[in-house]
Amino acid sequence: MDFKIKPDSCVACMACVRVCPADAVAVEGAIVRIVDEACTRCGLCLPACPHDAIEAVGDVPRALELALAGRAALILSVECAVYFYPAAPNQVVNACYAAGFRTVHRGVLGDELVAREYLDLWADGDWGTMIRSTCPVIVETVRTQYPELIPYLAPVATPIAAEARYLKQLHGVGTPVVYAGVCLTEGGPDVDAAITFEELADLFQRRGIVVSEQAEYFTRVPEERRRHLSMAGGLPLEVLLEETQASRRFRKVRGLGGLGAIARAVAVDRLDLGFVDILPCEGCLDHPLLGPRDELFRRRQIVGATEPARSRAPVVEEAVARGVKVAESFPISQNGHRPQPEAVEAVLKEIGLAPNGKPWDCGACGYATCRAFANAAALGRTTLRSCPPYLDKQARAAQLQAAVDGLTGLATYRVLRDRLASEVARSDRTGDPFAVLFVDLDNFKKVNDEFGHEAGNEVLRGAARECGAHIRTTDLAARYGGDEFVLVLVRTRVEGALGVADKVRATVEGMGRTLGYPEGLVTASVGVAEFVPGRGPETEDVLVAADRALYRAKASGRNQVATGER
C-alpha cells in the first residue's frame, strides 16, 4: 500500500507534515509529495488532512486479476465487520466467495502461529529487552529512525505474513494470497496483493456483487475461526492474563513517540525493559483508515460481537505448521535516512536566529523545530521556501539591495524619489526649505576609455565617498545613474548648499590627484536648487532645477558650482 497526495485537492497547508513521525512528506513550494522510501505507512496523515487530499492505494488490478482466476486465498481482516456494517461478517465472507476467491480466512491462523512463537520466547527468560515486531509500522520506524533498537526486535513475523506462508504450505506454494485490511504492509512480500476495504468494496462493485444482498448464513463451510492461544494481533492470551499493567516484565506502550524513550533507555542507559508491547495506535481498530478516534468504542463493540469462540485444542494443523517459518530476521544495515550534520548546520545558518538569540521554532513550516526542518531540508524533503523566517530575511535583504547601489554604497534612484516626495511633504508641513545638489563627473568617459572600466569604478567609489563625507546623517546621498549623484540637504537654504557643493567639488578634484590622474581629468560640476514651501519647485521639478544648474556649471567651464540663478 502507498499513500498518495491528490494534487488537485492539496493546498500545501502543512497539516500532513506536522503529524508525520517519519518526516516522509516532501514540500517544494506548493507541491507536496510523500517519499515512499521513508514512509512507514502509519496513516496519521490521512485524518490530519482537512482537504481529503491524501488517499491510500493498494494493488486493486492485481487483486481483481487473482480473484477472476479463482485460485487466490483471501485473508480478510476482522476489521471488515466495522467497515461493512450493518452487513454481517457472514455476508462479507459470502461476497468474497462470490467475487471468485478460492478460500476466505479471517487472520486467526496467523495469530495462532505468532502467539505460539511468542510463548516459546517468553519461556526463555534471558532476553532482557524484547520489542513486539508484529506491527510493520513499528518495525519500519525502528529500521529508519532507531536502528540501535533492531537487535531488540522480537524475531517473529507479522500474523498476516505467517498466515500467508501457512496457506501456501496448505494449498500449494503457487497459491496466490490477497490481503484486505487496514495495515496493508503487514503481509510484506508473502502477500501477492494487498487492498483496503474501500478497494474491496470497489472490487465487489466491479463484479456486480452487493454485500447486503448476500445470505446472512455461510453459504460454504467457513474456514477456521476459533482461537486457542492468541488474541487479535498475535499476542498470547496466557501472557496477557499473567502479566499486570504494573509488571516489570511486560510493558504496554502506545504511540510512536515512545520509541525515542525506549531507545534512550536501552541504548544509552542500558536498562532491561522486558517485553515491550508497542503499537503506533490502539490496535488496527484505531487505524486512521477506519475513521475518527472518537468512534473507537463503537468499532470495538461491533468487532467484539463477532469475536470467534475459544478452542481447548490447537486450531492449526501441526503437520502444516511444521513447514511454516514464523521466525523473522531484521538485518542491521547502515541507516541512510539521516542527513549529514554539515548539511543540517548549513540550513540552520541560512535560517538564522530569532531576535532573542534563540531558534525561531515557530512551526509555520510544518515542523516543530528549526532543527527538524533543517533535517528534512538536508534530506531534500523540503526547501527554504517553506520557512517564513528565512523568506522574511530574504525579503529584507532584497529590500536592502534595492535601496543601496551595489557599486557605490549610496542610495538608489528609487529611494531618492521616495525621499524627495517625503521632504516636499515635510517642508510644506513645517515651512522649512531644503536643497538638492546634482553632481556630475566631468571627464568620466575619458577615464574609462584611457584607463579602463575598473579604474572608472574606482573613481565612482571615490566620488561617492566624498559626496557622503560632507552631509549629515539626516541628509541623503544617492546615485542617480552612471556618473551622476544627487544630494538632498534637509533644512538647508541655497547659501549653505553652495558651501557643501564647493566642498564636494574640491574634494573630488583632490581625490583625482591622490589617485594619480592628470591634473583636471577627475573633476566634478555641481548644480544647486532650493525648494521653498509655497514657491516650489515640486518634487521632480526640484531635480530638474538642479539638473539645469548643473548644465550651467558645465557651460561655465566645468569643475564649477552653479545655481539656477547664477
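Residues numbered from 1 in each chain as written. Predicted model: local features only at pLDDT ≥ 70, side-chain atom pairs only at ≥ 80, totals over all residues. Heavy atoms only, no water.

## Topic: the packing of helix 18 (residues 444-451) against helix 19 (residues 453-469)
- Between helix 18 and helix 19, the least distance of the axes is 7 Å, while the angle of their chain directions is 140°. When the axes of helix 18 and helix 19 are compared, the pair comes out oblique. Here Phe444, Val447, Asn448 and Phe451 of helix 18 lie close against helix 19, whose contacting residues are His453, Ala455, Gly456, Val459 and Leu460.
- Class assignment for the residues of the contact of helix 18 with helix 19 results in six nonpolar, three polar and no charged. (Axes fitted to C-alpha atoms, helices over the stretch in contact; angles between N-to-C directions. Helix = DSSP H or I, 4+ residues; strand = E, 2+ residues; numbered from the N terminus. Parallel < 35°, antiparallel > 145°, perpendicular 65-115°, else oblique. Contact = heavy atoms within 4.5 Å. Nonpolar A, V, L, I, M, F, W, Y, C, P; charged D, E, K, R; others polar.)

## Some details on the environment of Ser422
- The topology assignment puts Ser422 in helix 17 (residues 413-430).
- Taking the relative accessible area as the measure of exposure, Ser422 reaches 44% and is therefore partly exposed.
- Remark: the alpha-carbon pair of Ser422 and Gly187, spanning 235 residues in sequence, is separated by 73 Å. (Buried < 20%, exposed > 50% of the residue type's maximum accessible area, 1.4 Å probe, protein only.)

## Quick look at the side chain of Arg299
- Position of Arg299 among the secondary structure elements: in helix 12 (residues 296-304).
- Of the buried charged residues, Arg299 lacks a salt bridge, with Asp286 as the closest side chain of opposite charge at 4.2 Å.
- If near-sequence neighbours (up to four positions away) are discounted, Arg299 is found in contact with Val82, Leu285, Asp286, Leu290, Gly291, Pro292 and Arg293. (Lys, Arg positive; Asp, Glu negative; His and termini not counted. Salt bridge = Lys/Arg side-chain N within 4 Å of Asp/Glu carboxyl O.)

## Quick notes on the layout of surface pockets
- Estimates place the volume of the largest pocket at around 1200 Å³.
- The wall of the largest pocket is formed by 50 residues, among which Ala232, Gly233, Leu279, Gly283 and Cys284 lie closest to the centre.
- Among the secondary structure elements, those contributing two or more residues to the lining of the largest pocket are strand 5 (73-76), helix 7 (136-145), helix 8 (159-171), strand 10 (250-254), strand 11 (274-279) and helix 12.
- In terms of residues, the lining of the largest pocket owes the most to one element, strand 10, which gives four residues.
- Per-class residue counts for the lining of the largest pocket are 25 nonpolar, ten polar and 15 charged.
- Each pocket or cavity is described by its volume, and for the second largest pocket that value is around 530 Å³.
- Lining the second largest pocket are 29 residues; nearest its centre among them are Pro136, Val139, Glu140, Thr185 and Phe330.
- Put simply, the parts of the chain that give the lining of the second largest pocket at least two residues each are helix 7 and helix 8. (1 Å grid on protein atoms, 1.4 Å probe; cavity = no way out; pocket = protein on both sides within 12 Å on 5 of 7 lines; lining within 4 Å. Points joined across faces, edges and corners; volume = space filled by probe spheres on them.)

## Re the sheet that holds strand 16 (residues 561-563)
- The sheet built from five strands is open, its strands ordered 13-14-12-15-16 with mixed pairing. Of all the strands in the sheet, the pair left with one neighbour each is strand 13 (476-481) and strand 16. Going from strand to strand, the sheet's axes swing by 25° on average, the running direction of each strand aside.
- The pairing of strand 12 (residues 434-441) with strand 15 (residues 524-531) spans eight bridges and is antiparallel. Looking at strand 15, one finds that Val439 is bridged to Val526.
- Against the sheet, helix 17 touches strand 12, strand 13, strand 14 (484-489) and strand 15, its axis set at about 130° to strand 13. (Pairing = 2+ DSSP bridges.)

## A look at unusual backbone geometry
- The step from Tyr85 to Pro86 runs through a cis peptide bond, and the omega angle for that step is 15°.
- Within the secondary structure, Pro86 sits in the loop between helix 4 (80-83) and helix 5 (89-99).
- Here the phi dihedral of Met14 falls at roughly 75°; this positive angle occurs in a residue that is not glycine.
- You can see Met14 is positioned in the loop between strand 1 (2-5) and helix 1 (15-19).
- Notably, Arg558 is not glycine yet its phi reads approximately 65°, a positive angle.
- With respect to the element layout, Arg558 can be found in the loop between helix 21 (539-555) and strand 16.
- What makes Arg558 partly exposed here is its relative accessible area of 38%.

## A few points about the side chain of Asp440
- Along the chain, the position of Asp440 falls in strand 12.
- When its relative accessible area of 8% is taken as the criterion, Asp440 is described as buried.

## Digging into the environment of Ala455
- Relative to the elements of secondary structure, Ala455 occurs in helix 19.
- Between the C-alpha atom of Ala455 and that of Val532, which follows or precedes it by 77 residues, the distance is 40 Å.

## Quick notes on the nonpolar core
- Formed by 37 residues in total, the largest nonpolar core has its most connected members in Leu76, Phe84, Cys96, Phe101 and Phe204.
- Only helix 3 (60-69), strand 5, helix 4, helix 5, strand 8 (177-180), strand 9 (193-195), helix 9 (197-206) and helix 12 provide two or more residues apiece to this core.
- Looking at which element gives the most residues to this core, the answer is helix 5, with six residues.
- Setting aside residues no more than four positions away along its own chain, Phe84 makes contact with Val92, Phe197, Leu200, Ala201, Phe204 and Val211.
- Counting residues in hydrophobic clusters, the runner-up holds 36 residues, among them Cys20, Val35, Leu348 and Cys387. (Core = buried A, V, L, I, M, F, W, Y, C linked by side-chain atoms within 4.5 Å.)

## Observations concerning the pairing of strand 2 (residues 25-28)
- The sheet contact formed by strand 2 and strand 3 (residues 31-34) spans four bridges and is antiparallel. Within the sheet, the bridge partner assigned to Ala26 lies in strand 3 and is Arg33.

## Comments concerning the environment of Arg493
- By secondary structure assignment, the location of Arg493 is in the loop between strand 14 and helix 20 (494-514).
- As a C-alpha pair, Arg493 and Val532 span 39 residues in sequence and 8.6 Å in three-dimensional space.
- Apart from residues lying up to four places away in sequence, Arg493 is in contact with Pro433, Ala435, Glu530 and Val532.
- At 2.3 Å, the side chain of Arg493 forms a polar contact with the side chain of Glu530. (Polar contact = N/O pair within 3.5 Å; in protein donor to acceptor, adjacent residues only side chain to side chain.)

## Regarding the pattern of salt bridges
- Per the counting criterion, the structure on display carries 33 salt bridges.
- Here Asp277 makes a salt bridge to Arg132, at a shortest N to O gap of 2.6 Å. Within this pair, whereas Asp277 is found in strand 11, its partner Arg132 is found in the loop between strand 7 (129-131) and helix 7, the two being separated by 145 residues in sequence.
- The class for Arg132 is buried, based on a relative accessible area of 6%.
- Between Glu509 and Arg513 there is a salt bridge; the shortest N-O distance is 3.7 Å.

Interpretation note: all reported values are geometric properties and have no functional meaning in isolation.
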